[in-house]
Every structure is written in structure tokens, then in C-alpha cells.
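The primary structure of each chain is shown beneath.
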Amino acid sequence: MCGIAGIIKYLSSRPPPWGPRPSSFAPLMAMSQAIAHRGPDGHGLFADNHAALLHSRLAIIDRSGGHQPMANEANNVHVVFNGEIYNHAQLRRELQSHGHIFKSDHSDTEVLVHGWEQWGTDLPTKLLGMFAFAIWDTRSADYQSRDREGATGSPDALPRGRSLTVAAPMAQGGGQKHTLFLARDRMGQKPLFYAILEDGLVFGSTIPSVLAWPEVPRRVPKEQIALYLLLGYFPAPQTIFRDVNQLLPGAWLRLQNDLLDGDRYWTPTSKIENRKSKIENLRENLTLAVSSQLIADTPITCFLSGGIDSSIIATLAQDAVQRAGGDPIQTVSVGFTESDFDESPYAQAVAQKIQSRHTQLTVHARQDVFATLSLLMQKSLGQPFADSSILPTYHLSRAARQVGGRAPVALSGDGADELFAGYDRYRAMILLNRFRPLVKFLPQSSPLGSLSKRERYRRLAAAAKSKIPSEQYTRLVDIFPRPFIEELMGEPVLDYFPLPEEYGLPDDVSPLRLAMLRDQSEYLPGDVLWKVDSASMCSASGDALEVRSPFLDHRIVELGNSFPDSALIHNGQGKAPLRQLFANDLPPAVLHRRKKGFGVPIGQWFNNQGGGDLRAPLTDLLLSQQSFTRNYLQPQIIERLLHEHHTALRDHTHRLFALLTLELFWQHFAPTLE
């Protein structure tokens, strides 16, 4: 796991924006600093007169020989890479059989260099793993590269310990095709953002690293504010900025001189099959996925949340290690001081059953909430994000990094809900369409149940009034309903409910399948995985953590999407295939638990309950004279939200958190609203 960034300038008639003076490297250093938190183990820079590639390294595989940027033996193909290639050993052997010569002992990064030489744009299809990488190919130019410290001979031009490669000037003419190739893994586990310039392209692992290049505008369209308030995140390829995009999961982008093209090499699709052996294939493939992701030159730990997903991964990891004759695996769970959100007893039960070396930690997520969110915004997020579970994810990652020999790698259970119908909203989609003649007469509100249950009922009632499944699903998951957004923004806004054809699905696709594939394409990479990457790789102390997710092995995704709807939900519970497969492996209390979100009671803290003193700071932030919400939204609506939440008339937890991070974003990045 690492951080990457770079800038390409393709106009040969213009000198590069970096040159012989130390000050000319300042923009590159700003980009480098923007990804430094993602890799405390090394920093590298390659620069020629058309390109600069930057890298910050969290060393996991080939710790001594995997330094980046990495080049081929001729120094005319360079790569910067974030992630892990789990089948790198097999690919290395295949490439060696084609005559490729490797300099490193077992670096997965070098497989990308020679894989590009061998397979070109087909390279991503060969890879098993999570990745975002950039390849700069200048093989048509006469390069005489050399390594030296500092581009200008001044040691102060670069941070201490930085390696730099500077290539001789590029020969002009001759029909050259200098190529930048960007690629992202199939499920979008690793982020990759880019901005197109007048004469080039800038890219990075984070939005702040792209914005660090001074030519990238910070323009925010009003429609992106509306989309954020609706969903709470931005589906790829969108971001909040007009000029910054994210590469789609399972896609590549190529810049050849001034010609830009791209393609998707993989998408999650539904190919329903009814083979009886499928469930046995699922266990076999999950076992292979977990085993492949245990490869590292550093300690590895397993998250144990107390739910079925992480428990399955830990069980399979323990089995794999025992078969290899190794010591019991390290597992870690985090208990929160808020008892309603503490699942550590369930995690302890799993650890006892599989006989892992278990560590249970207690953290205080309510401490320094605004400071933590500000850190995440500045270093990792770079745009508003409405999922408050990023707070416990951040604290879990920091805690996990301290156990198991300071393990920089952890396995998680992410992805199982989206693949095997784990969310309540999936069952709601089935009910809405099975009993549509009745549910459309549901009243708009319910006087029964807790405030949070009444909010869920409001979503269900709104979905029942919708005419098509795609709109129903938006109503079930929206943060602010569209009429609420129009009231807040004081003008009409566009709705968002992509139709089945946009996911390559037929019009008669089942509502359940539509919801699941929409989540796999948008919510999973745009919210869940980005949250995990942003939180786990962000640390003021440099202790970044790599999180691997075996359920997101694309072979598991394809197998999961082949199960018929009827096989996914049984007796009102999702993930039926997983419960059946692991019935004898997990404690009954864990096996039959209903889905419980990973969160903290931020809504209570907004009311100064549960030890969280956030009411006054939140009110001051949202209603200050300089705030975005006061100057660009309708302040009387914000005041109403705060009043209703503080007086327990309604539960506006998600909406207030969404506005909180929107305000922090505006303060830190000072964009221009269009």
C-alpha cells in the first residue's frame, strides 16, 4: 500500500514546469507531501522533461528491493504503484519464460513494468489484486537516464532520504508516442484521481495530491453539492470538483502525446446459474482468496468485528496458516466505550473458537471528533463524506497497527454485504415490489418506534410511492430527500436514479439484483472502500495500515453474482450461502446475528449525550457568519434541522454529519462555487 502522484506535460515546444532551479520543484514537493502519509517507508521521484512520477511507500513485499518509481532495465518504462498484486509470483515466472529479466528478488511492482512491455493495455486483466498504478513509457525516445541526489545538485531541493531519477532531454520528432497508462483494480479498492490540463494530465492517490498542482482549478458546481446531499458520496467518475475525476473501477486511461483514450476491462455483472456445486465452489474460492492475501514480508493481522463476514475471513486465515505449519494468526477487535456499539464479546467468542492470538482494545472515538475529521479531510478525503463510520474505522486502524508486531497489514470482511444481500434495504426492495399494491398506501410517517426507526420508515414510505425500482432504491438510501435538498438550496435540483441499462442490465432485472449491482458499482467503491482506504492510510504519526478484502477477489464477486436471488436470503436473513457454508465453523450467536452497522453514536454527541460535547461546536460551525451553510444554503433550514435534532423531534444524525464534513471541506480547500 502506497501513495502515487504525477504530472505529464506533452507539448514538446514548452519547457517543463520543473527545471534547474530548486524553486521549480516546489509544486512537485507539494504533491509529494500530499501523499507522504500513505507511505512512511520511502519516497521517490522520477522526472524527465515531459513527466514527473512521485511515490510514497508502505513496504510490504520485497522491502529491500521494491523501491519506486521502478524502471525496466533500459530505463525507458517507469511505474508508480499503490496496492498489492497477489499473483505476482506466477506472473513473474510467465514473463521470465518470455525472456524478461528481473532486477528485484520478488517485487510485485516489477511485474507491472515487464507486464506492460509484454501485454500492453491487457495488463490489468492479468492481475489478481488491488491496485492503482501509472506507467510512463518513453521507448520511442533516446533516453540516457542516470540516478543522482537532487535535481539541481542542491540537497535541500528534496526531502531527506528522497531518491531521484532525472532523464536526459527527450529527442523530438520521429513519430514518438510517449505514453502514460493509468489503471485501477476491478472493484475500486485503491483510489486514483486525475485532472486534465491544457497541455497534460495530473494524477494522484488522493484529491489533495491532485489539487497540489497549481494549474488544477477548484471549481465546485452546485449540482455536485446536490448530489452529495442526496447520496453522501460521489460515484465514480465524479468528485465534488468539476475538473477532478476518479478513474472508474476496472478501467484504464491512456495518454499518448495529446490523445486521451480509455476503456473498462471488467465490470460486475449478473450471470445467474443454478449449479448445485456452486456453494462448494464458493468455499474453495474463498479459501484460495484468503490464502493469496496472506502473502507478505511483514506481520498480518485480521480484523474481528463480531459479525459473520470478518469471522469467516479470520477462520479461513487460521486454517491456511495451520495447514502451512505456522503459528496462530493475530486477530484484533476494538471495543468502544459506548456499550450499545460494542461488539467485542462476539469477536472474543470467534477468537476462542478458532484459537487465534487475540487482542481486544478499547478506544474513545468521541475524543477530538472535529480534529480527527479535519485530519482526514486535509490528508485523505479532499471532499465531503457523509459516512460517520469513518471515525471508528480510523480508530480501529490506528489501534490495529500497534498489535501483532506492529503489523502494517490487516484482512477485513468488506464486500460480503454487497455480494450476498446483507443489507436490510435489499429485503426492503423485495417487499416493496412483492406487495406494491399495498405498500403504496403507507402513510408518510409513523408515530411508533425510536427516532432512527421512524427515519427508516420515512424512507420506506417514500420508496413505496416511487414508480420504478431504480427510483425506489434511491429513496431508500438517500441522506436528504430531493424536496429537502431543493428547500435547502433554494432552487430545483436533479434527481439521481440510474436505470438498469447503465449497469449493463436488462430492464426486467430483479429489484434485488439491481440494488446489489448498483452498490457494487457505486456505493462499495465510492463509500465503503474509499472510507477504509482513507481512514487506514491516514495517520499523523505515519503508521499507515494496508487493509485487504478477500471477498473482493473478482472470482468471488463473479461467483456471488451467479447465485439466484432465492439462494441469497433465507428466513428473512441475507448472506444465506455464507451462513450455510460456515454453520459448523462459527459460534451460533455470531452465525445468526442480524447485520449491525459499524458506528458510533455521533447523533447523541450532537446533543451532548453519551459524553460527547459536540452540540455547541456543531451549531457554531454551521451557523457562523463565514460558514458555507449560512452563505450558500438556507440558514433557516439548518436552524430547523438543529432544533428538531436537539429537541428529539427527528433524528437528523446523517444529515448533520453530512453538513459537518461539507463545512470542513469548504474551510480547508476554499473552492469556488459555480
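Note that the structure is a prediction, hence the values are computed from the model and not measured.

About the criteria used
- Residues numbered from 1 in each chain as written.
- Predicted model: local features only at pLDDT ≥ 70, side-chain atom pairs only at ≥ 80, totals over all residues.
- Heavy atoms only, no water.
- Helix = DSSP H or I, 4+ residues; strand = E, 2+ residues; numbered from the N terminus.
- Contact = heavy atoms within 4.5 Å.
- Areas by Shrake-Rupley, 256 points an atom, 1.4 Å probe, with all protein chains shown as cover.
- pLDDT = per-residue confidence, 0-100.
- Patch = residues over 30% accessible without salt bridge, like charges linked within 9 Å, V, L, I, M, F, W, Y side chains within 5 Å.
- Salt bridge = Lys/Arg side-chain N within 4 Å of Asp/Glu carboxyl O.
- Buried < 20%, exposed > 50% of the residue type's maximum accessible area, 1.4 Å probe, protein only.
- Pairing = 2+ DSSP bridges.
- Polar contact = N/O pair within 3.5 Å; in protein donor to acceptor, adjacent residues only side chain to side chain.
- Lys, Arg positive; Asp, Glu negative; His and termini not counted.
- Charge placed at Lys NZ, Arg CZ, Asp CG, Glu CD.
- Axes fitted to C-alpha atoms, helices over the stretch in contact; angles between N-to-C directions.
- Core = buried A, V, L, I, M, F, W, Y, C linked by side-chain atoms within 4.5 Å.

Now for the overall build of the protein. The helix and strand tally for the protein stands at 27 helices and 21 strands. Of the contacts made within the protein by residues no fewer than 6 positions apart, 73% connect residues no fewer than 24 positions apart. Of the roughly 25,500 Å² of accessible surface on the protein, a fraction of 50% belongs to carbon and sulfur atoms.

Before going further, it helps to examine the confidence of the model for the protein. Atomic detail in the predicted coordinates should be set aside for any region of low pLDDT. Residues with a pLDDT of 70 or more make up 87% of the protein, whose mean pLDDT is 86. Predicted confidence for residues 141–175 stays below pLDDT 50, and this span has 73 contacts to residues more than four positions away or in other chains.

Glancing now at a nonpolar patch on the surface. A cluster of nonpolar side chains, namely Leu431, Phe435 and Leu438, defines an oily patch on the protein surface of about 310 Å² accessible area. When you line up the elements, Leu438 lands in helix α14 (residues 436–439). Since its relative accessible area comes to 62%, Leu438 is described here as exposed.

Time to look at the pairing of strand β14 (residues 251–256). Successive side chains on a regular strand alternate, one facing one side of the sheet and the next facing the other. Of all 6 residues that make up β14, 5 are buried, and the element is covered over most of its length. As paired elements, strand β9 (residues 179–184) and β14 share 5 bridges and run antiparallel to each other. Across the sheet, Phe181 pairs through a bridge with Arg254, a residue of β14. Here β14 runs beside strand β15 (residues 259–264); their pairing, made up of 6 bridges, is antiparallel. Within the sheet, the bridge partner assigned to Trp252 lies in β15 and is Asp263. The hairpin turn running from β14 into β15, its antiparallel successor, is 2 residues long, and Asn257 in that turn takes a positive phi close to 55°.

Within the secondary structure, Arg555 sits in helix α19 (residues 554–560). Overall, Arg555 belongs to the partly exposed group, its relative accessible area being 31%. Counting along the chain gives 270 residues from Arg555 to Asn285, while the straight-line C-alpha distance between them is 7.4 Å. The contacts of Arg555, once residues within four sequence positions are left out, are Leu128 and Asn285. Polar contacts involving the side chain of Arg555 include one to the side chain of Asp553, which spans 2.7 Å.

Throughout the structure, instances matching the rule amount to 32 salt bridges. Lys575 is the partner of Asp309 in a salt bridge, and the nearest nitrogen-oxygen pair spans 3.0 Å. Residue Asp309 is found in helix α8 (residues 308–323), and its partner Lys575 is found in the loop between α20 (565–568) and α21 (576–581); the two are separated by 266 residues along the sequence. Residue Asp309 shares its accessibility class with Lys575, and that shared class is buried.

Let us look at the pairing of β9. Of all 6 residues making up β9, 6 are buried, and the element is well covered by its neighbours. Here strand β6 (residues 129–137) pairs with β9 via 6 bridges, running antiparallel. Residue Ile135 lies in a different strand from β9, and its bridge partner there is Phe181.

Turning to a negative patch on the surface, a few remarks are in order. A contiguous patch of negative charge, built from Glu501, Glu502, Asp507 and Asp508, is present on the exposed surface. Topologically, Glu501 is positioned in the loop between α17 (482–489) and α18 (511–536).

Further remarks concern the sheet that holds β6. Pairing is antiparallel in the open sheet, where 6 strands are placed in the order β4-β5-β6-β9-β14-β15. Each edge of the sheet is formed by a strand with only one pairing partner; in this case those strands are β4 (70–71) and β15. On the sheet, helix α3 (residues 108–119) packs against β4, β5 (77–85), β6 and β9 and is oriented at approximately 130° with respect to β5.

Along the chain, the position of Gln318 falls in helix α8. Here the side chain of Gln318 touches Ile354 through a polar contact of 2.8 Å, landing on its backbone oxygen. Polar side-chain contacts of Gln318 include one of 2.9 Å to the backbone oxygen of Gln355. Filtering out sequence-adjacent residues up to four positions away, Gln318 remains in contact with Pro328, Ile329, Ile354, Gln355 and Ser356.

Here the focus is the nonpolar core. Within the largest apolar cluster, 163 residues are counted, with the highest numbers of intra-cluster contacts made by Leu28, Phe133, Phe480, Phe551 and Leu659. The dominant element in this core, judged by the number of residues it contributes, is helix α27 (residues 653–669), at 10 residues. In this structure Leu28 touches Ile7, Trp18, Leu45, Ala52, Leu54 and Trp213, once residues within four positions along its chain are discounted. By size, the runner-up hydrophobic cluster in this structure holds 20 residues, among which are Phe46, Tyr194, Phe203 and Leu255.

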